[in-house]
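Chain and residue survey
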Amino acid sequence: MPRLILATSNPGKLKEFQAYLTGNAWELALKPTELEIEETGTTFLENACLKAAQVAKTLGEWAIADDSGLSVDALGGAPGLYSARYGRSDAERIARLLQALEGEENRTAQFVCAIAVARPDGSIALQAEGICPGTITYEATGMGGFGYDPIFYVPEYGMTYAEMPPDLKHRISHRGKAFAALLPQLAEIDF
Ligand code: ITT
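The following paragraphs examine the structure supplied in this document.

Basis of the calculations
Residues numbered from 1 in each chain as written. Predicted model: local features only at pLDDT ≥ 70, side-chain atom pairs only at ≥ 80, totals over all residues. Heavy atoms only, no water. Near = heavy atom within 4 Å. Polar contact = N/O pair within 3.5 Å; in protein donor to acceptor, adjacent residues only side chain to side chain. Areas by Shrake-Rupley, 256 points an atom, 1.4 Å probe, with all protein chains shown as cover. Helix = DSSP H or I, 4+ residues; strand = E, 2+ residues; numbered from the N terminus. Nonpolar A, V, L, I, M, F, W, Y, C, P; charged D, E, K, R; others polar. Buried < 20%, exposed > 50% of the residue type's maximum accessible area, 1.4 Å probe, protein only. Arc of directions from axis to C-beta. Contact = heavy atoms within 4.5 Å. Pairing = 2+ DSSP bridges. Axes fitted to C-alpha atoms, helices over the stretch in contact; angles between N-to-C directions. Parallel < 35°, antiparallel > 145°, perpendicular 65-115°, else oblique. Left-handed = near helix turned anticlockwise from the far one by under 90°.

**Considerations on the site of the ligand**
Taken together, 20 residues lie near the ligand, and Thr8, Ser9, Lys51, Asp149 and Lys169 sit nearest. In the environment of the ligand, an oxygen atom lies 2.8 Å from a nitrogen or oxygen atom belonging to the side chain of Lys13. At 2.7 Å from an oxygen atom of the ligand is found a side-chain nitrogen or oxygen belonging to Lys169. Starting from 610 Å² of accessible surface for the ligand in isolation, the protein chains cover 92%. Elements supplying a minimum of two residues to the shell around the ligand: strand E3 (62–72) and helix H5 (174–187). Counting residues per element, the shell around the ligand draws most heavily on E3, at 3 residues. Per-class residue counts for the shell around the ligand are 4 nonpolar, 7 polar and 9 charged.

**Thoughts on helix H3 (residues 90–100)**
Inspection of H3 places Arg93, Ile94, Leu97 and Leu98 among the buried residues, and these make up the whole buried set. Along the long axis of H3, the arc covered by the buried residues comes to 130°, so they all point the same way. Residues of H3 that are exposed and point more than 90 degrees away from the buried face comprise Ala91 and Gln99. Of the surrounding secondary structure, the elements contacted by the buried residues of H3 are E3 and strand E5 (124–136).

**Comments concerning unusual backbone geometry**
Of note, the bond from Ala78 into Pro79 is cis; its omega dihedral lies within 30 degrees of zero at -5°. Residue position: Pro79 is located in the loop between E3 and H3.

**Here we look at the pairing of strand E4 (residues 108–118)**
Buried residues dominate E4, accounting for 9 of its 11 residues. By the bridge criterion, 10 bridges tie E3 to E4 in an arrangement that is antiparallel. Looking across to E4, one finds that Ala65 is bridged to Ala116. Taking the residues between adjacent antiparallel strands as the criterion, E4 and E5 are bridged by 5 residues, where Gly122 takes a positive phi near 95°.

**A look at the packing of helix H1 (residues 11–21) against H5**
Across the interface, H1 lies against H5 with an axial gap of 11 Å and an inter-helix angle of 40°. Classified by the angle between their axes, H1 and H5 sit oblique to one another. By crossing handedness, the relation of H1 to H5 is classed as right-handed. Residue-level contacts link Lys13, Glu16, Phe17, Tyr20 and Leu21 of H1 to Arg175, Gly176, Phe179, Leu183 and Leu186 of H5. A per-class count over the contact of H1 with H5 returns 6 nonpolar, 1 polar and 3 charged.

Okay, here's the thing in structure tokens:
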């Protein structure tokens, strides 16, 4: 069974990756923690490709990476690509975002996810993107998920990502949509 390295240091993403990828023809393995990739790209897709390619090439194995973030309309798309760098912890990032939106009535936002799969030589084999529109709440609500989940509300389902059963978030989220596009292609890969 070929190995697929999950190129992430985010435990929340890792859990979701495992949910999407178990039961297929890959043995999943986690990238070594000391292998950190600098995110110098100018788009989510560029950063996902950078992470997958560098981890794959360094280890000489197939790798999958995700670059994602929350773009808030009233903040001109921020924190966007800088979502992970917006604070030192999930709590700090959430507090900063709620503060930045204080007094703002336009709460529309979107979560974006780009995923890339790289071959052992670092070339990109597959890529996919997914977007989920929503709004930013006035306070954190819900206990599930990770990251910005407690303040990202999806009107269609009447709850935040953090209030959703994991199965529902996995199906309708930005990452769920990206994986829905990616998984059929991943199943077709010929080693
Ligand atoms: P890796 O690069 O190691 O995968 P990271 O946390 O640095 O991990 P990103 O650069 O892609 O990942 O930053 C994404 C940020 O957006 C980060 O703060 C995440 O916690 C957050 N995020 C991504 N997907 C999310 C989701 O489904 N729910 C809540 N927050 C999410």
